[in-house]
Amino acid sequence: MNDFTIKILALDDDPFLLKMHGHMVANLGYHAVTTCESGYAALELFANPNESPDLILLDINMPEMDGLEFIRRLVERNFNGSLILVSGEDERMRQAAEKLARAHKIDVLGHLHKPVTPAGLAELIGKWTGPSQSKPRVEKRTYGAAELRSAITNGELVNYYQPKVLTGTGRVMGVETLVRWRHPQDGMVFPDQFIGVAEAHGLIDDLTRVVLTDAFTQSALWRESGLMLQVSVNLSMDNLMSMDFVDWVVGLAVKSGVPPQMMVLEVTETRLMEDLRTPLEILTRLRLKRFRLSIDDYGIGNSTLAQLRDLPFDELKIDQSFVHGACNSEKLWAMFDSCLSLAKQLKMEVVAEGVEDQADWDFVRNRGCDIAQGYFIAKPMPAAELPAWIESWNQAFSNLRKRIEPFH
Ligand code: C2E
Ligand code: CA
Ligand code: CA
């Protein structure tokens, strides 16, 4: 039996279609219908549990946040409702999107080709069997050591790169390397699902070596084509337990011809403070060899100022939880400022992570933070996409500048 009280959200970047879908759903008798033109607006609904939808009519092709990314964000928010996917793309594309949603354990009632018809909609909405509590969300899949080991040796790990931009001039000065696992069955798997496994099973050294080797190779290729970027790589504390690591990284730099000062090694503060002796020596040796060191996720750990003083860092990354939305929150603003001024007093470069929208960008820039990274600038992308992205970013940035500073 149909439940006409379910909360339905229609999400489409085309205002005309959006209105039409909204009307169609209402005409079918469902009266709790909301419409949103962007994924960002839709995600705001999740802030209030009373507003969070049971069923989402999701357009797959949208600018800014596309449907696939929106699905990922739903996973992060433990969405336990259902989806109907809508797209002008061909059947295969819609099936791929459906498969991805299912891989994330999100219930999909089906997919519809545009233009949507009332009959097609009615049939799929009629499949809704809620309430959603009856379908407990299955936890994100975790992976076993054997599976991960073979992924490392079979080349299933790939590096994505997320741009870092100077807030003053807009210049792309570097990229952060973020590893992904192209899983043959599950599709793209994100690092939070396997870095912990690698650390727990002694595989993190092998993993880091694969990531670093590819990052150095890529950096050398970019340099050859005239693209001089700092390339950052995330290290785990467990990589800093054996002295061999330093010699290995130094060897890699020599072999690839990339100067160490163009490579940034990021370490997470929370783990950094466990047992400092060996890591401190390794980090100091790496610094002596001219690699740049960065303290990641700054602000959410529990380091003391004295410990920070004693470690030879060049860069401090302010954690995204103090960046996104800081302009609207006195508390976040104060925390952001305190991280920033600490870093500046210690003569470190400062990166604001999690710059997600224009307000974050303006805030970070106006506070005097040198470098920004986040979805507002770009999502992590495969190496091959970076040159074209830089070109379009430079173009967009110079247009923006002409608008705000016409005599520049
Ligand atoms: P991280 O080093 O703090 O990396 C930033 C994470 O935030 C990335 O997630 C990135 O995709 C995401 N992000 C970037 N911009 C935004 C934004 O504007 N908003 C939001 N909400 N998120 C943003 P990702 O790629 O899933 O990586 C998660 C974590 O996994 C990384 O956090 C890092 O700690 C770890 N990791 C990634 N690659 C490696 C690696 O090769 N080795 C090790 N040991 N850890 C890695
Ligand atoms: Ca990082
Ligand atoms: Ca971080």
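Up top is the structure.
Residues numbered from 1 in each chain as written. Chains lettered and ligands numbered in written order. Predicted model: local features only at pLDDT ≥ 70, side-chain atom pairs only at ≥ 80, totals over all residues. Heavy atoms only, no water.

1. Concerning the packing of aromatic side chains
The geometry of an aromatic ring pair comes down to the distance between the two centres and the angle between the two planes.
(1) Moving on: Summed over all chains, the structure comprises 13 aromatic pairs.
(2) Moving on: Every member of this aromatic cluster is reached through a ring pair, and the members are Trp-361, Phe-376, Trp-389, Trp-393 and Phe-397.
(3) Moving on: It is Arg-72 that lies over the ring of Phe-190; its NZ or CZ is 3.9 Å from the centre.
(4) Moving on: The cationic tip of Arg-209 hangs over the ring face of Trp-248; the distance from NZ or CZ to the ring centre is 4.7 Å. (Phe/Tyr/Trp six-rings, centres within 6.5 Å; stacked < 30°, edge-to-face > 60°. Lys NZ or Arg CZ within 6 Å of the ring centre and 35° of its normal.)

2. Comments concerning the coordination of the calcium ion (ligand 3)
(1) Moving on: Binding of the calcium ion (ligand 3) to the protein goes through Asp-296 (OD), Asp-297 (OD), Glu-353 (OE) and Glu-353 (OE), at separations of 2.2 to 2.5 Å.
(2) Moving on: Taken in sequence order, the residues that donate to the calcium ion (ligand 3) follow the motif D-D-x55-E.
(3) Moving on: The two metals, the calcium ion (ligand 3) and the calcium ion (ligand 2), are separated by 4.0 Å and share Asp-296 as a common coordinating residue. Remark: Glu-353 occurs in the loop between β13 (349-352) and α14 (358-366) and Asp-297 occurs in strand β11 (residues 292-298); sequence separation between them is 56 residues.
(4) Moving on: Judged by its relative accessible area of 21%, Asp-297 is partly exposed.
(5) Moving on: Using a relative accessible area of 7% as the deciding quantity, one classes Glu-353 as buried. (Donors = N, O, S within 2.8 Å, 3.2 Å for Na, K, Ca; no water. Helix = DSSP H or I, 4+ residues; strand = E, 2+ residues; numbered from the N terminus. Buried < 20%, exposed > 50% of the residue type's maximum accessible area, 1.4 Å probe, protein only.)

3. Notes on the site of ligand 1
(1) Moving on: Inspection of the region around ligand 1 gives 20 residues, with Gln-162, Arg-180, Asp-296, Glu-356 and Tyr-375 positioned closest.
(2) Moving on: Here Gln-320 contributes a side-chain N or O atom positioned 3.1 Å from an oxygen atom of ligand 1.
(3) Moving on: Contacts to ligand 1 include Tyr-375, whose backbone N or O atom sits 2.8 Å from an oxygen atom.
(4) Moving on: With the chains in place, 85% of the 800 Å² that ligand 1 exposes on its own is no longer accessible.
(5) Moving on: Of all the secondary-structure elements, those providing two or more residues to the shell around ligand 1 are β7 (172-183) and β11.
(6) Moving on: Its residues assigned to classes, the shell around ligand 1 comprises eight nonpolar, six polar and six charged. (Near = heavy atom within 4 Å. Polar contact = N/O pair within 3.5 Å; in protein donor to acceptor, adjacent residues only side chain to side chain. Areas by Shrake-Rupley, 256 points an atom, 1.4 Å probe, with all protein chains shown as cover. Nonpolar A, V, L, I, M, F, W, Y, C, P; charged D, E, K, R; others polar.)

4. Side note on the coordination of the calcium ion (ligand 2)
Around a metal, the ideal angle is 109.5 degrees if four donors adopt a tetrahedral arrangement and 90 or 180 degrees if six donors adopt an octahedral arrangement.
(1) Moving on: The protein atoms that coordinate the calcium ion (ligand 2) are Glu-176 (OE), Asn-234 (OD1), Glu-266 (OE) and Asp-296 (OD), at distances of 2.1 to 2.3 Å.
(2) Moving on: Classification of Asn-234 as partly exposed rests on a relative accessible area of 28%.

5. Here we look at the layout of surface pockets
Once rolled over the atoms, a probe with the size of a water molecule shows which space is left empty.
(1) Moving on: In this structure, the largest pocket occupies an estimated 1300 Å³ of space.
(2) Moving on: Looking at the largest pocket, it is lined by 46 residues, and the ones nearest its centre are Glu-176, Leu-178, Pro-191, Asp-192 and Asn-234.
(3) Moving on: When contributions to the lining of the largest pocket are tallied by element, the ones reaching two or more residues are α3 (67-76), β7, α7 (195-200), α8 (204-224), β9 (230-234), β10 (263-268), α10 (269-272) and β11.
(4) Moving on: The greatest single-element share of the lining of the largest pocket, amounting to five residues, is contributed by β7.
(5) Moving on: Considering only residue class, the lining of the largest pocket consists of 16 nonpolar, 14 polar and 16 charged. (1 Å grid on protein atoms, 1.4 Å probe; cavity = no way out; pocket = protein on both sides within 12 Å on 5 of 7 lines; lining within 4 Å. Points joined across faces, edges and corners; volume = space filled by probe spheres on them.)

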